[in-house]
Amino acid sequence: MAQRTDGRFILPSGVTLTSKGRRLLALFVDAGLAIVTFGIGHIIWSFLVYGQGTTPGKKLLGIRVIKTDTMRASSWGYMFLREWIVKNAIISLTFGLGAIWLLWDKNSQNLYDKIMGTVVVDDPLGITIRTGQASIAPAGGGTSF
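Described below are features of the structure shown in this document. (Residues numbered from 1 in each chain as written. Predicted model: local features only at pLDDT ≥ 70, side-chain atom pairs only at ≥ 80, totals over all residues. Heavy atoms only, no water.)

Under the definition given, this model contains 8 aromatic pairs. Both rings, one in Phe80 and one in Trp84, keep their centres 6.2 Å apart while their planes meet at 25°; by these two values the pair is stacked. Of this pair, Phe80 and Trp84 both sit in helix H4 (residues 76–93), 4 residues apart, which is roughly one turn of that helix. Look at Trp84 and you get partly exposed, because its relative accessible area is 36%. Here the aromatic cluster, defined as three or more aromatic residues joined through ring pairs, consists of Phe47, Tyr50, Trp76, Phe80 and Trp84. Here the guanidinium or amino end of Lys67 rests over the ring plane of Tyr78, the centre of that ring lying 4.2 Å away. (Phe/Tyr/Trp six-rings, centres within 6.5 Å; stacked < 30°, edge-to-face > 60°. Helix = DSSP H or I, 4+ residues; strand = E, 2+ residues; numbered from the N terminus. Buried < 20%, exposed > 50% of the residue type's maximum accessible area, 1.4 Å probe, protein only. Lys NZ or Arg CZ within 6 Å of the ring centre and 35° of its normal.)

Here it is in structure tokens:
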């Protein structure tokens, strides 16, 4: 895991940590899409974009879920597990607290992000889904949050 001594992640060059506001906006976009498509369209679209480490709302906003150990986009299976099982379980078990944890977390992670080892980033160019090795910036360079 690429972290500085203060616990913040060192992200690949060109990738930044998504703001709390954009994460919440993506949540509302996903909810709105689910309502408009009666759930079916959102589920189908989700299954199509999970392989890019994103949800429909995140996709529209150019943000992505990456694994903290590789700094690469989460796989389809990992996204399915995160979105359908772990996220719902944590939100239910914590009476919603797990969903708003990002508001005070230094890496803007929710509890389910911490459990899954993920962080949400702005990656409009798809840097974290490119093939090859992740380009992790050295401690003195890159973008860190």
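So, about the pairing of strand S3 (residues 63–67). S3 sits mainly inside the fold: 4 of its 5 residues count as buried. The pairing of S3 with strand S4 (residues 118–122) spans 5 bridges and is classified as antiparallel. Within S4, the position partnered with Lys67 by the bridge is Thr118. (Pairing = 2+ DSSP bridges.)

Position of Thr18 among the secondary structure elements: in the loop between strand S2 (16–17) and helix H1 (20–36). Looking at Thr18, its side chain comes within polar contact range of the main-chain oxygen of Val121, at 3.2 Å. Polar side-chain contacts of Thr18 include one of 3.0 Å to the backbone nitrogen of Asp122. Excluding anything up to four places from it in sequence, Thr18 contacts Arg23, Ile63, Ser108, Val120, Val121 and Asp122. (Polar contact = N/O pair within 3.5 Å; in protein donor to acceptor, adjacent residues only side chain to side chain. Contact = heavy atoms within 4.5 Å.)

Just geometry here; none of it tells us what the structure is for.
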